[in-house]
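Commentary on secondary and tertiary structure
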Amino acid sequence: MPTFTPDRSLLNPKFEGYKFAPLEYDEVTAHYPLEHKLSQTNVSGRAFLSFQEVQSRVLHNHLAICNQSKRAVYVDAELRVIGIDLDEASLKPTFRVLCELPRPIQSSALDSLQREYPSAAFVDATSLLIADGYGALYALRVGDVGPAEVLASYGLSIPIAYESAQSSVPFRLHQAVSADGQNIVAVLSSKHYPKNAPESWQKSHKPPPVKFDIWGVQISLPIVTAAEAQPLQIIWHRRGDDVPLYITYDASRQSFLFVGSSSYLPINVVPTPSYEPSPDEIAPIPRKDENLDGAAAATTDIPKPPSYSWTQTEDTVTVAIPLPSDTPTQHIKVAFSPRTLTVLVEGAPTTPSADVPVVVPRYTLKALWDEIRPGTSLWTFDRAAERAYGVLTLHLDKAHDGTRWPQVFAAAGADGEEEVPETLDPSELYNIREALEKYTAALRDGSDASGLGLGRGVPSLGQGERDDDVDLSVGKSACVTWVGVGGAHPAWLGKDGHGDDSPLQILSTTFPGSMGTFKPSLVAKNGLDGVVFTLQPGNGLDDPPQWEHTATYSALSFVLASKRDTRFVHHVTYKAVFAFESGTQDLGGNVYIYRGASSKENWVKQTVLKVGGGSAGALLGVGLMKVQGKVVILCLCEGELVVLHDVL
């Protein structure tokens, strides 16, 4: 699969910083009070909320934009669906109540499940789907004036095969498309409630792991009007560790793109079961020149040593790979993902010789025996300059603490694959840990920002201002998953549908409402910069996705590190990145606009505008419309709609 590879010619190492360039506030913003206000209060105190659920609610976009018209909707605090129509000439919005959703009867069973915020998705200019957050989906037909017609309602009934303790759950609506004109395919997400759940986390003092279901449901066209709720037809299902950060539909490949903190896999793709060795299999491992059988040690035909050694603890797997001590650090390429490992060393010999008896292994997206946490896994290289070989050490953080790995890689021992037993002795482990201590100390005291002998290496923009603890937390670690509109894996995916499994640190996603107007793109962290990767259109279903580095927002990661109340970060291609604060009664509510520039410009303009906070309330949703060739940004607050125009 293609990877996200920066183009060095588009990077700007001489970039100095951003200069403030104010805009006339009244000329680029317009505020419109809301008659029907929103509310962020929908959480029941009777059920535990995981960190992932809290984060999903904070980032939830309450505004839905229609890509085919100048129309948007939101659901107010009383479950009224409010339509917004934007006049193309004046950019003035008009509001109307499309319908009022029935409020479910409260019960102890209903309160035991945390409800979701209401969500909406347009299929086209006249077809709208609404999820009420309690577990019901409504199909509406929207006209140019007056209320909408409620055509049908649906419920999500979970089959037994999905191993859920609940037959129905609240869900969130992410996307709705009609690829063939005969069916609507909607993407929903919900928390997974497993059967035989472990004991209460209050007793164990550790919250239980949380999984999330991604549902692909189908509604046949034309929609048949019905008074009773109908069951949704589930055509595919995936499961992951978090609610997707970003979902879009690629019409050229007829596939959905999911960006989230984990891959989203079918439930039949499970980690290899844990292996417990029998007493007969537990035996001491001979060392060099040691013969445990008592016979004379062989001095000839010494077997070839394994290409790596490894050991493990309850939560970590440590892999040691010998490398020539003169190997440049920049030649070592290591990438961690939840299920695979990539290790490439440029210029390493591919065949053994008298001078180089050890061949450095090459692993490209090699499947691990079990899952790891890529965000907390790391590698170090101890050069050991006084010796011929140094040690490349990989520290893999186990995703399932307490699981004993029988081997490092999933295919070890099969089809001629090298099987390496756990051979690292305590003295080797001590040396590895000593190297790790040196690495950690170098990071802590700042004498070596990389821990690898590369010096501080901080650009002039960050001198005296950089805070590593803050800078490293900027963005969201994410993986990319592809799912065909009908649920099948596209031909260019692997067996388990990982797609490009290389994790990215996402700084920004494209604006909601921009699908069909701009190509899908992501801004990924690259040092202090933000690199724009744009998805190029495919030439058919069998054409693998190609991500092209099209622009760079210099020092974007650095400037975003200072924005601690950021709620939404979206970009308009190479033109600008918008960082929105949520806003409170007294503080915040700004949008910071960082403009794009060529790789030869040393200074770039920055703008700040007030959109939320104060009487407007917290910012709850944003979206983009293109009106007469110009970009218009809608900002939905608790009590106001703010329209930004002529800001680019």
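Attention in this report is confined to the structure presented alongside it. Source: prediction; values computed, not measured. (Residues numbered from 1 in each chain as written. Predicted model: local features only at pLDDT ≥ 70, side-chain atom pairs only at ≥ 80, totals over all residues. Heavy atoms only, no water.)

**Some words on the overall build of the protein**
Applicable threshold: Strands here mean DSSP runs of E at least two residues long; helices mean DSSP runs of H or I at least four residues long; both are numbered from the N terminus. Each residue's exposure class comes from its accessible area (1.4 Å probe, protein chains only) as a fraction of the maximum for that residue type: buried when under 20%, exposed when over 50%, partly exposed otherwise. For this analysis, residues touch if any pair of their heavy atoms sits within 4.5 Å. Accessible surface area values rest on a Shrake-Rupley calculation with a 1.4 Å probe, where residue burial reflects the displayed protein chains alone.
In terms of helices and strands, the protein carries seven helices and 36 strands. A buried classification covers 50% of the 648 residues belonging to the protein. Look at the contacts in the protein between residues 6 or more apart in sequence, and 63% of them connect residues 24 or more apart. Of the roughly 30,900 Å² that the protein leaves accessible, carbon and sulfur atoms contribute 51%.

**Here's the deal with the sheet that holds strand β24 (residues 389–397)**
Rule in force here: When DSSP finds two or more bridges between two strands, those strands count as paired. Helix axes are fitted only over the stretch in contact, all axes being lines through C-alpha atoms; the angle between N-to-C directions runs from 0 to 180 degrees.
Read from one edge to the other, the open sheet built from four strands follows the order β18-β19-β24-β23, with strand pairing classed as antiparallel. Edge positions in the sheet fall to β18 (309–312) and β23 (378–382), since each of these pairs with one other strand and no more. Across the sheet, the axes of successive neighbouring strands diverge by a mean angle of 20 degrees, strand direction being ignored. Bridge count between strand β19 (residues 316–324) and β24: nine bridges; the pairing is antiparallel. When the sheet's bridge partners are listed, Leu323 is paired in β24 with Gly390.

**Details of the environment of Lys563**
For clarity, the threshold we go by: We define a polar contact as two N or O atoms separated by no more than 3.5 Å, with the added condition that, inside protein, one atom must be a possible hydrogen donor and the other a possible acceptor, whereas residues neighbouring each other in sequence contribute only through side-chain atom pairs.
Secondary-structure assignment places Lys563 in the loop between α7 (556–560) and β30 (566–572). For Lys563, a relative accessible area of 14% puts it in the buried group. Residues Lys563 and Phe580, spaced 17 residues apart in sequence, show a C-alpha to C-alpha distance of 9.2 Å. With residues up to four places along the chain from it excluded, the contact list for Lys563 reads Tyr592 and Tyr594. A distance of 2.8 Å separates a polar atom in the side chain of Lys563 from a polar atom in the side chain of Ser562.

**Some details on the packing of aromatic side chains**
In plain terms, the rule: Stacked, tilted and edge-to-face pairs are distinguished by plane angle, under 30 degrees for stacked and over 60 for edge-to-face with tilted covering the rest, among Phe, Tyr and Trp rings (Trp via its six-membered ring) whose centres lie within 6.5 Å. Criterion for a charge above a ring: Arg CZ or Lys NZ at most 6 Å from the ring centre, at most 35 degrees from the ring normal.
All told, the structure shown has 16 aromatic pairs when counted by the stated rule. A ring pair is formed by Tyr18 and Tyr594, whose centres lie 5.2 Å apart and whose planes are at 65 degrees; its orientation type is edge-to-face. Note that Tyr18 is positioned in strand β1 (residues 17–20) and Tyr594 in strand β32 (residues 590–595), a separation of 576 residues in sequence. Comparing Tyr18 with Tyr594 shows no difference in burial state: the two are buried. Seen from their ring centres, Phe511 and Phe578 are 5.3 Å apart, and the 75 degrees between their planes marks the pair as edge-to-face. Taken together, the residues Phe511 in the loop between β26 (504–510) and β27 (521–526) and Phe578 in strand β31 (residues 576–581) connect sequence positions 67 residues apart. No difference in accessibility class separates Phe511 from Phe578, as the two residues are buried. Three or more aromatic residues joined by ring pairs make a cluster, and in this case those are Trp236, Tyr249, Phe256, Phe258 and Tyr264. It is Lys19 that lies over the ring of Trp603; its NZ or CZ is 5.0 Å from the centre. We note Lys563 situated over the ring of Tyr592; from NZ or CZ to the ring centre the distance is 4.8 Å.

**So, the sheet that holds strand β34 (residues 619–627)**
Read from one edge to the other, the open sheet built from four strands follows the order β2-β36-β35-β34, with strand pairing classed as antiparallel. This sheet does not close on itself; its edge strands, each paired only once, are β2 (29–33) and β34. Taken pair by pair, the neighbouring strands of this sheet meet at an average axis angle of 20 degrees, ignoring direction. As paired elements, β2 and strand β36 (residues 640–645) share five bridges and run antiparallel to each other. When the bridges of β36 are listed, His31 appears paired with Val642.

**Re the pairing of strand β4 (residues 71–75)**
The buried fraction of β4 amounts to five of the five residues, a majority that puts the element mostly inside the structure. Bridging between strand β3 (residues 64–65) and β4 involves two bridges; their strand directions are antiparallel. In the sheet register, Ala64 faces β4, and the bridge partner there is Val73. Linkage of β3 to β4, two consecutive antiparallel strands, is achieved through a turn of five residues. Here β4 pairs with strand β5 (residues 80–86) via five bridges, running antiparallel. Across the sheet, residue Val73 finds its bridge partner in β5, namely Gly83.

**Focus on helix α2 (residues 51–58)**
Put simply, the rule reads: To be clear, the arc concerns the directions from the helix axis to the C-beta atoms.
Where α2 is concerned, the buried positions are Glu53, Ser56 and Arg57. Projected down its long axis, α2 carries its buried residues within an arc of 95 degrees, all on one side. In this structure, the buried side of α2 is in contact with β11 (172–177), β12 (183–191), β13 (212–220) and β30.

**A few points about the pattern of salt bridges**
To be explicit about the condition: The term salt bridge refers to a side-chain nitrogen of Lys or Arg lying within 4 Å of a carboxyl oxygen of Asp or Glu.
The tally for this structure, following the rule as stated, stands at 16 salt bridges. In this structure, Glu149 and Arg141 form a salt bridge, with 2.8 Å as the shortest nitrogen-oxygen distance. In this structure, Asp241 engages Lys211 in a salt bridge whose closest nitrogen and oxygen atoms are separated by 2.5 Å. Of this pair, Asp241 sits in the loop between β15 (233–240) and β16 (246–250) while Lys211 is found in the loop between α4 (201–204) and β13, placing the two residues 30 residues apart along the sequence. Salt bridges sharing partners connect three or more residues here, namely Arg71, Asp85, Arg96 and Asp144.

**Concerning unusual backbone geometry**
With omega at -5 degrees, the peptide bond leading from Leu221 into Pro222 counts as cis. Tracing the backbone through its elements, the reader meets Pro222 in the loop between β13 and β14 (230–231). Residues other than glycine seldom take positive phi values, yet Leu91 does so here, at roughly 60 degrees. As for its position among the elements, Leu91 is in the loop between β5 and β6 (93–100). Phi is positive for Gln628, which is not a glycine, with a value near 50 degrees. Considering the arrangement of structural elements, one finds Gln628 in the loop between β34 and β35 (630–637). Classification of Gln628 by relative accessible area gives exposed; the value is 62%.

**Section: the pairing of β34**
Counting buried positions along β34 yields eight of nine residues, so the element is predominantly enclosed. The pairing of β34 with β35 spans eight bridges and is antiparallel. The partner of Val622 across the bridge, within β35, is Cys635. Connecting the antiparallel pair β34 and β35 is a turn made up of two residues, with Gln628 showing a positive phi of about 50 degrees.

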